[in-house]
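# Structure assessment
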Amino acid sequence: MDRIDTVAGPIGAAQLGAVLTHEHVFVVQEDFRLNYLRDWDEDAEVEHAVATLSRLKAAGIGTIMDVSVLGIGRNIERVARVADRVEVNIVAATGFFTFNDLPFQMHYTGPALGFDVPEPLDAMFLRDITDGIGSTSVKAGFLVCVIEAEGLTVGVERVMRSVGRVAAQTGLPIVVHTNPHTQSGLIAQRVLAEEGVDLTRVILAHSGDSTDLDYLMRVADAGSVLGMDRFGVDLLLPHADRVDTVLALIDRGYGDRMVLSQDAFCYSDWFDQKAMSVVAEGWDYFQVTGRVIPDLRAHGVSESVISMMLQHVPARLLCPPPTGQADRITAVSRKTGLSPEKGA
């Protein structure tokens with residue numbers, strides 16, 4: 001009953017290995033690419049991704065959770081071309097990425113109409129989980145939503161509540177992009193709990209951007225997992241401070257409520273690729289294996305705690321609940337009428 005859907009097909013928990021819980025393969029909006037990325041070479045970018053993830057496997061990583069969803073640029077066919085050629089497992093996500101508003105496709109649907117009609121996001125996300133993403137059979141293994149400094153806007157709340165409902169119905173985990181400096185993880189916990197989400201199955205991403213131990217322990221005490229997942233992004237917080245925060249939390253007994261990652265990518269249209277090598281020279285897939293783990297070991301962190309953060313916590317999150325993911329989906333669909341075809 002530990003089936004985990006990956007881009008290349010289902011696997012068991014024993015096949016996960018070490019897991020990076022917050023990464024991207026490609027962040028490329030197709031309308032932007034078609035109109036403005038005139039030098040884009042599809043085959044070359046796929047080859048680059050294959051080479052990069054093959055190096056990651058050699059560095060000791062077995063699985064990455066690809067948090068790219070609608071709103072940030074998700075082309076599952078492109079990711080599948082990479083997944084078919086690498087030994088690293090890629091777990092795809094469903095959800096919506098927005099700091100503020102939803103696109104116009106959502107402005108005149110569901111609750112935006114101002115009366116009691118089904119939320120189409122629910123059916124969209126559920127379809128990605130049960131049937132497959134787009135025209136593929138690739139099924140999402142977790143959900144993603146966002147709450148940034150802009151706070152709980154109408155668009156952000158619609159996505160978050162939809163993600164919460166579908167997560168509560170399917171048992172899949174949630175990764176929430178948060179801004180710890182505005183303590184937005186507290187808002188996410190409140191909203192998701194209101195939708196019936198088990199907060200122990202929620203990763204509050206980018207918690208590692210903060211050294212505020214009081215805030216981090218507060219959200220962890222409520223059950224959620226802290227995403228210490230931007231190693232290499234020294235512009236937001238220096239590497240040493242990030243490591244010191246992890247060490248302080250381990251000392252306080254929170255080693256079983258943290259995961260490690262980098263929020264890296266093989267290609268992102270958010271950044272000028274040449275400028276990246278200057279302003280964020282160390283931001284890549286290899287910070288955790290090349291710097292973080294050696295630093296933790298040098299400070300006396302045990303292998304069992306390192307395995308907890310890299311293997312056991314991610315495996316607990318990605319595995320369906322004891323009743324079985326498929327059984328939960330079937331039971332909820334019968335009870336509520338929610339299905340990929342019908343909607344809520």
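Here is a short report on the structure shown in this document. The residue numbering used here restarts from 1 in each chain and proceeds along that chain's sequence as written. In keeping with the predicted nature of the model, local features appear solely for residues at pLDDT of at least 70, side-chain atom pairs appear and are counted solely at 80 or more, and the whole-chain, interface and lining totals rest on all residues. In computing side-chain values, all of the structure's heavy atoms are included and hydrogens and water are not.

Right, let's talk about helix H10 (residues 287-298) for a bit. The periodicity of an α-helix, 3.6 residues per turn, causes residues three or four places apart in sequence to face the same way. A rise of 1.5 Å per residue sets the reference length of H10, with its 12 residues, at 16 Å; its end C-alpha atoms lie 15 Å apart and thus fit the reference within 8%. Each residue is placed in one exposure class: buried if its accessible area under a 1.4 Å probe, protein chains only, is under 20% of its type's maximum, exposed if it is over 50%, and partly exposed if it falls in between. Comment: elements are numbered from the N terminus, with helices defined as DSSP H or I runs of at least four residues and strands as E runs of at least two. Taken residue by residue, H10 has Gln 287, Val 288, Val 292, Ile 293 and Leu 296 as its buried positions. Seen from one end, H10 has its buried residues packed into an arc of 125°, which puts them on one side. Two residues form a contact once any of their heavy atoms are found within 4.5 Å. Considering only its buried residues, H10 is in contact with strand E3 (19-23), helix H8 (239-251), strand E12 (258-260) and helix H11 (303-318). Taken from the residues just after H10, Gly 300 is the one with a positive phi, measuring 85°. Take the residue count of a helix, subtract one, and multiply by 1.5 Å to get its expected span. Here the arc refers to the directions that run from the helix axis out to each C-beta atom.

Think of a salt bridge as a Lys or Arg side-chain nitrogen and an Asp or Glu carboxyl oxygen that are within 4 Å of each other. According to the stated counting rule, one finds 20 salt bridges in the structure shown. Across the pair Arg 3 and Asp 5 runs a salt bridge whose closest N-O atoms are separated by 2.8 Å. Relative accessible area serves as the criterion here: at 44%, Arg 3 is assigned to the partly exposed category. Between Arg 158 and Glu 119 there is a salt bridge whose closest N-O contact spans 2.8 Å. Of the two residues, Arg 158 is situated in helix H5 (residues 154-170) and Glu 119 in the loop between strand E7 (93-95) and helix H4 (120-130); the sequence distance between them amounts to 39 residues. The buried category is assigned to Glu 119, whose relative accessible area is 7%. Here the residues in one salt-bridge network are Asp 122, Glu 157, Arg 161, Arg 165, Arg 190, Glu 194 and Glu 195, joined through shared partners.

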